[in-house]
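Descriptive analysis of the structure
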Amino acid sequence: MILEMLTVGPFQENCYIIGDENTGEGALIDPGDEATRIALAIGQTRLDIGRIIITHAHIDHVGAVATLGDEYACPVLLHPEAEPMLQQMSTQAMMMGVRFGKVPKVDGYIQDEELLEIGSLRLRAMYTPGHAPGHLSFYEANEGLVLSGDALFAGSVGRVDLPGGSMEVLLRSIEERLLPLPDETRVYSGHGPATTIGDERATNPFLGGRLR
Ligand SMILES: [Zn+2]
Ligand SMILES: [Zn+2]
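All of the points below concern the structure found in this document. (Residues numbered from 1 in each chain as written. Chains lettered and ligands numbered in written order. Predicted model: local features only at pLDDT ≥ 70, side-chain atom pairs only at ≥ 80, totals over all residues. Heavy atoms only, no water.)

**Digging into the sheet that holds strand β1 (residues 2–8)**
Stated formally: Here, any two strands with at least 2 DSSP bridges between them count as paired. Comment: elements are numbered from the N terminus, with helices defined as DSSP H or I runs of at least four residues and strands as E runs of at least two. Note on contacts: a residue pair qualifies if any of its non-hydrogen atoms lie within 4.5 Å across the two residues. Axis lines are fitted to C-alpha atoms, over the contacting stretch for helices. Their N-to-C directions set the angle, which ranges from 0 to 180 degrees.
Across the sheet, 6 strands lie side by side as β1-β2-β3-β4-β5-β6; this open sheet has mixed pairing. At either end of the open sheet lies a strand with only one pairing partner, and these are β1 and β6 (108–109). Sheet topology note: the β1/strand β2 (residues 13–19) ladder contains 7 bridges and is antiparallel. Bridging across to β2, E4 finds its partner in I17. Against the sheet, helix α3 (residues 65–72) makes contact with β3 (25–29), β4 (48–53) and β5 (76–78), and its axis sits at roughly 150 degrees relative to β4, the strand it touches most.

Right, dumping it as structure tokens:
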């Protein structure tokens, strides 16, 4: 497996390039900004980007989607409930005081529990709302990793003060979908360093130090 993390833009968002080095198939997750830098990093992996996958439609996660979607001529996918927020990119940009790019075209939807095949990788979509509408996390069981978007961070959880946010819903998403994953599962978040499910279950102050 190839997994590259690039931290981009004013919100220091983590974009991920993931793929199978044997088949050369790859996907791009949450290209939030700095399209040129992301394209350079993709070039170095030699992966063929077949999809752009969006965990949720906050501007820090989707700012470079339109540019890179054109560049790789590949489908842009998200959960249907995330699409309305994508259409409000200009409003989001104004609120956050950042540059506004082109609104990307959505080519298809990802449903809860859907399996996305990338070469030998199997990313399982997990519906984890609460931080943003239609938020998805992606679990790869064989590799023992989860891309948690802005649901779960090392030592924290996503903010819930933006439209559609709810702490109750977010904590339920984390508890019901993310914490049941094996302790050793590596967690790659939308911001900040990687962690593990076991560390977060034991030490994340928002999760009350639940032990198995
Ligand atoms: Zn977000
Ligand atoms: Zn974010």
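Structure shown, so let's carry the discussion forward.
**Looking at the coordination of the zinc ion (ligand 2)**
To keep it simple, the criterion reads: Each metal's donors comprise the N, O and S atoms found within 2.8 Å of it (within 3.2 Å for Na, K or Ca). Water is not part of the atom list, so some coordination spheres may appear incomplete. A four-donor site is called tetrahedral if each angle lies between 85 and 135 degrees; a four-donor site is square planar, and a six-donor site octahedral, when trans pairs exceed 155 degrees and the remaining angles lie between 65 and 115; all other cases are labelled irregular.
Bound to the zinc ion (ligand 2) on the protein side are D60 (OD), H61 (NE2), D150 (OD) and H191 (NE2), at distances that span 2.0 to 2.2 Å. Seen from the zinc ion (ligand 2), its 4 donor atoms lie at angles of 89 to 155 degrees, and the figure they make is irregular. Written as a sequence motif, the donor residues of the zinc ion (ligand 2) are D-H-x88-D-x40-H.

**Examining the pattern of salt bridges**
What counts, and what does not: One speaks of a salt bridge when a side-chain nitrogen belonging to Lys or Arg is within 4 Å of a carboxyl oxygen belonging to Asp or Glu. Whether a residue is buried, partly exposed or exposed follows from its accessible area with a 1.4 Å probe, protein chains only, as a fraction of its type maximum: under 20%, in between, or over 50%, in that order.
Under the definition given, this model contains 10 salt bridges. The partner of E34 in a salt bridge is R37, and the shortest N-O contact between them spans 2.9 Å. Relative accessible area serves as the criterion here: at 35%, R37 is assigned to the partly exposed category. Two residues, R201 and D183, come together in a salt bridge whose shortest N-O distance is 2.0 Å. Of the two residues, R201 sits in helix α7 (residues 197–203) while D183 sits in the loop between α6 (167–178) and β13 (186–189), which places them 18 residues apart along the sequence. Residue D183 is classed as partly exposed on the basis of its relative accessible area, which comes to 32%. Among the ionic contacts, a cluster of salt bridges with common partners joins D112, E113, R124 and R177.

**Side note on empty space enclosed by the protein**
Quick note on the threshold: A 1.4 Å probe that fits into a set of points on a 1 Å grid over the protein atoms alone but cannot get out defines a cavity; an open set with protein on both sides within 12 Å along at least five of seven lines defines a pocket, and lining residues are those with an atom within 4 Å of a point. Grid points are joined across faces, edges and corners, and a volume is the space filled by probe spheres set on the points. Nonpolar residues are Ala, Val, Leu, Ile, Met, Phe, Trp, Tyr, Cys and Pro. Charged residues are Asp, Glu, Lys and Arg, and all others, Gly as well, are polar.
Under the defined criterion, the tally for this structure stands at 1 cavity of 30 Å³ or more. When its volume is computed, the largest cavity comes out at roughly 40 Å³. Surrounding the largest cavity, N14, Y16, I29, D30, T55, L147, S148, G149, Y188, S189 and G190 form its lining. Those elements giving two or more residues to the lining of the largest cavity turn out to be β2, β10 (145–149) and β13. Counting residues per element, the lining of the largest cavity draws most heavily on β10, which supplies 3 residues. The class makeup of the residues in the lining of the largest cavity is 4 nonpolar, 6 polar and 1 charged.

**Some thoughts on the side chain of S173**
By the element assignment, S173 lies in helix α6. Residues within four places of S173 in sequence aside, it is in contact with T128, P129 and L178.

**With respect to the sheet that holds β13**
Pairing is mixed across the open sheet formed by 6 strands, whose spatial order is β7-β8-β9-β10-β13-β14. Unpaired on one side and paired on the other, β7 (115–118) and β14 (195–196) mark the two borders of the sheet. In terms of strand pairing, β10 meets β13 through 4 bridges, oriented parallel. Residue G149 lies in a different strand from β13, and its bridge partner there is S189.

**Some words on the packing of aromatic side chains**
The condition that has to hold: Any pair of Phe, Tyr and Trp rings, taking the six-membered ring for Trp, is counted once the centres come within 6.5 Å. Such a pair is stacked with planes under 30 degrees apart, edge-to-face with planes over 60 apart, and tilted for the rest.
Applying the stated criterion across every chain, the model contains 1 aromatic pair. Relative to Y188, the ring of Y16 has its centre 6.0 Å away and its plane inclined at 70 degrees; by these criteria the two rings are edge-to-face. Here the residue Y16 occupies a position in strand β2, and Y188 occupies one in strand β13, the gap between them amounting to 172 residues. On the accessibility criterion, Y16 (3% relative accessible area) is buried. Looking at Y188, the relative accessible area reads 15%, which means it is buried.

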